[in-house]
Amino acid sequence: MAVLAAAAWYYYRGRHVGAFAQAVGNSPAIPAPKSQGPVPMLKMPTAKGWGPGEKPSVKAGLKVTPFALNLKHPRWAYVLPNGDVLVAESASLPADVKGFRDYAMNRVMNRAGATRPSANRITLLRDADGDGVPEVREVFLKDLSQPFGMALVGSTLYIGNTDSVVAYPYETGQTSITAAGKTLMTMKPGGHWTRNLIASADGSKLYVAVGSLSNIGDDGMEAEEGRACIYELDLTTGENRIFAGGLRNPVGMAWEPSKGSLWTVVNERDGLGDETPPDYLTSVQDGGFYGWPYSYWGGVVDDRVPQDTALVARAIAPDYALGGHTASLGLCWLPEGTLPGLSAGMVIGQHGSWNRSKLSGYKVIFVPFVNGKPTGTPVDILTGFLASDEKHSHGRPVGVAIAKDGALLAVDDVGDAIWRVTAA
């Protein structure tokens, strides 16, 4: 089995499915689908990490410094009102092996640093003297279940575990929580396991991002019930409902301030080619359906899937394409004037592909907004996470957040680091 897996990986990692320009922007040129067959392309760099003094490359006019190193697979950051930074440290678990594909995927993901023992904790970082380096590092919450999203509303901190949303009492300045949490809703674990959270402006609701179990409903749509969606959780009544569906793997969420609309980044399906379909950034409409698994980019039908014509007919095309398989995960709003050379818009952490003939992502980008909508061409903020020969990665960006002092924080799970971007 190991020999067969290695041979298949060697073949698929170098197999090209067509050289296309990156599908980016409001009206992307999306190539026609080209099936990769029963085993998708498996091409992923070996996780190497950063050597002493090494760091990502940064856009001209900016500088990057390490904010925290030697974390345990950090995935997401949340900035508290007093400036403390909470970091969710958690990891993917190996998939259950049901066949050759699962076996090969587990081997590739392990080599790339995507699966490892999960720390299942949240760490607090405090930079009290404002020098850009935290003097305090404490375990804030432990023994969690693959924690990811965090949101503070008043004196309650909400944590998105892979299987639940849990509320904890919080007091400003505390460096750990030992009180028991209260479970507000439960979710199915497995598959796309991250559960991000964002609170409404008035603090009355939480929005909870839940990814699909599989690529295109491979185990049937009954297994996908309650997944591939964003929930709205009413914090007064405790009731929840699906706010928007057909979102294969929504992760980062952010509010666009001029219109007050919710935005998310979504990882699209695999197995149709390097740029087909692109991951995307989109506003999220209440009651909206975005196509998965039946179609992509609105009404482009995926003929590998038994169809639901009524749902395809009302599928909403996303606002902005981010390129095929970039694994765009992190998302935060960057106000105008926060960093020199950048207007107002969204910052996106692109974790990077594992299923293209030429890798994509592995960087932090900025998408400018005009009149509440994305426009123009993405701007690279941080690059250099991926070696030029694509054989290894120093790091892989995930969450992004704006610190209290206006610095951009970029979480790097393979590099076990958080990077701090400021004016040069």
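Owing to the predicted nature of the structure, the values given are computational and were not obtained by experimental measurement.

Asker: What is the right way to read the overall build of the chain from this model?
Answerer: In terms of helices and strands, the chain carries 3 helices and 31 strands. Counting across all 424 residues of the chain, residues that qualify as buried make up 58%. Split by element, the accessible area of the chain, about 16,700 Å² in all, is 53% carbon and sulfur.

Asker: What's the story with the layout of surface pockets in this structure? I'm lost.
Answerer: Remark: the empty space left among the atoms is shown by a probe the size of a water molecule rolled over them. There is about 640 Å³ of room inside the second largest pocket. For the second largest pocket, the lining is made up of 23 residues, of which Tyr 78, Ile 198, Met 253, Cys 332 and Ile 402 are closest to its centre. Among the secondary structure elements, those contributing two or more residues to the lining of the second largest pocket are strand S5 (74-79), strand S9 (150-153), strand S13 (195-199), strand S17 (250-256), strand S23 (328-334) and strand S29 (397-402). Its residues placed into classes, the lining of the second largest pocket shows 21 nonpolar, 2 polar and no charged.

Asker: Looking at this model, I keep getting lost on the pattern of salt bridges. Mind explaining?
Answerer: Any two side chains of opposite charge can pair, on the condition that their charged atoms come close. For the structure on display, the rule yields 15 salt bridges. Among the ionic pairs, Asp 302 bridges to Arg 269, the shortest N-O distance being 3.2 Å. Note that Asp 302 is positioned in the loop between strand S21 (300-301) and helix H3 (309-313) and Arg 269 in the loop between strand S18 (261-266) and strand S19 (278-283), a separation of 33 residues in sequence. Overall, Arg 269 belongs to the buried group, its relative accessible area being 0%. The shortest N-O distance in the salt bridge between Lys 373 and Asp 319 comes to 3.3 Å.

Asker: What exactly am I supposed to notice about the packing of aromatic side chains here?
Answerer: Two descriptors summarise a pair of aromatic rings, namely the distance from one centre to the other and the angle between the planes of the rings. Going through the model one piece at a time under the given rule, you end up with 10 aromatic pairs. Counting every residue linked through ring pairs, the aromatic cluster contains Trp 50, Phe 385 and Trp 419.

Asker: What's the story with the pairing of strand S6 (residues 85-89) in this structure? I'm lost.
Answerer: For a regular strand, side-chain orientation follows a simple rule: the groups alternate between the two sheet faces. Among the 5 residues that make up S6, 5 are buried, leaving the element largely enclosed by the rest of the structure. Joining the antiparallel neighbours S5 and S6 is a turn of 5 residues, in which Gly 83 adopts a positive phi near 100°. Alignment of S6 against strand S7 (residues 121-126), held across 5 bridges, turns out to be antiparallel. Across the sheet, residue Leu 86 finds its bridge partner in S7, namely Leu 124.

Asker: Just checking my understanding: could you explain unusual backbone geometry for this structure?
Answerer: Keep in mind that most residues, glycine aside, have a negative phi and that most peptide bonds are trans. Between Thr 276 and Pro 277 the backbone carries a cis peptide bond, its omega angle lying at -15°. Here Pro 277 is to be found in the loop between S18 and S19. A cis geometry characterises the amide bond from Trp 292 onward to Pro 293, with omega recorded as 0°. Here Pro 293 is to be found in the loop between S19 and strand S20 (295-296). Of note in this structure, Asn 120 is not a glycine but carries a positive phi near 55°. Residue position: Asn 120 is located in the loop between helix H2 (100-111) and S7. One non-glycine residue, Tyr 362, lies in positive phi territory at about 60°. Tracing the chain through its elements places Tyr 362 in the loop between strand S24 (345-350) and strand S25 (363-370).

Asker: I'm lost on the sheet that holds S19 in this one. Help?
Answerer: The strands making up a sheet are joined through hydrogen bonds of the backbone, oriented either antiparallel or parallel. The strand order S1-S22-S19-S18-S17 describes an open sheet built from 5 strands, whose pairing is antiparallel. Two strands close off the open sheet at either side, each with one partner strand: strand S1 (24-25) and S17. Pairing of S19 with strand S22 (residues 320-324), which is carried by 3 bridges, proceeds in the antiparallel orientation. Within S22, the residue paired with Leu 281 across the bridge is Tyr 320.

Asker: What is the right way to read the environment of Ser 164 from this model?
Answerer: Relative to the assigned elements, Ser 164 resides in strand S11 (residues 164-169). It is 4.1 Å that separates the C-alpha atoms of Ser 164 and Thr 186, two residues lying 22 residues apart in sequence. In contact with Ser 164, not counting residues within four places along its chain, are Ile 159, Thr 183, Met 185, Thr 186 and Met 187.

Asker: I'm lost on the sheet that holds strand S4 (residues 62-68) in this one. Help?
Answerer: Strand order in the open sheet formed by 4 strands is S4-S31-S30-S29, with antiparallel pairing between adjacent strands. Edge positions in the sheet fall to S4 and S29, since each has one partner strand and no second. On average, each strand axis in the sheet is tilted by 25° relative to the strand beside it, whichever way the strands run. Sheet topology note: the S29/strand S30 (residues 408-412) ladder contains 4 bridges and is antiparallel. Its bridge partner being in S30, Pro 397 is matched across the sheet by Asp 412.

Asker: Would you mind going over the side chain of Ser 283 with me for this structure?
Answerer: One can find Ser 283 in strand S19. Those residues in contact with Ser 283, other than ones at most four positions away along the chain, are Leu 262, Trp 263, Tyr 290, Asp 319 and Lys 373.

Asker: What's the story with the pairing of S29 in this structure? I'm lost.
Answerer: Summarising burial for S29: 5 of the 6 residues are buried, a large majority. Taken together, S29 and the strand that follows it, S30, pair antiparallel across an intervening segment of 5 residues, in which Gly 406 is found at a positive phi of about 90°.

Asker: Quick question: what am I supposed to make of the environment of Thr 186 here?
Answerer: Take Thr 186: it is sitting in strand S12 (residues 182-186). According to the relative accessible area criterion, Thr 186 is exposed, its value standing at 63%. Between the C-alpha atom of Thr 186 and that of Val 166, which follows or precedes it by 20 residues, the distance is 8.9 Å. Those residues in contact with Thr 186, other than ones at most four positions away along the chain, are Asp 163 and Ser 164.

Conventions adopted
- Residues numbered from 1 in each chain as written.
- Predicted model: local features only at pLDDT ≥ 70, side-chain atom pairs only at ≥ 80, totals over all residues.
- Heavy atoms only, no water.
- Helix = DSSP H or I, 4+ residues; strand = E, 2+ residues; numbered from the N terminus.
- Buried < 20%, exposed > 50% of the residue type's maximum accessible area, 1.4 Å probe, protein only.
- Areas by Shrake-Rupley, 256 points an atom, 1.4 Å probe, with all protein chains shown as cover.
- 1 Å grid on protein atoms, 1.4 Å probe; cavity = no way out; pocket = protein on both sides within 12 Å on 5 of 7 lines; lining within 4 Å.
- Points joined across faces, edges and corners; volume = space filled by probe spheres on them.
- Nonpolar A, V, L, I, M, F, W, Y, C, P; charged D, E, K, R; others polar.
- Salt bridge = Lys/Arg side-chain N within 4 Å of Asp/Glu carboxyl O.
- Phe/Tyr/Trp six-rings, centres within 6.5 Å; stacked < 30°, edge-to-face > 60°.
- Pairing = 2+ DSSP bridges.
- Contact = heavy atoms within 4.5 Å.
- Axes fitted to C-alpha atoms, helices over the stretch in contact; angles between N-to-C directions.

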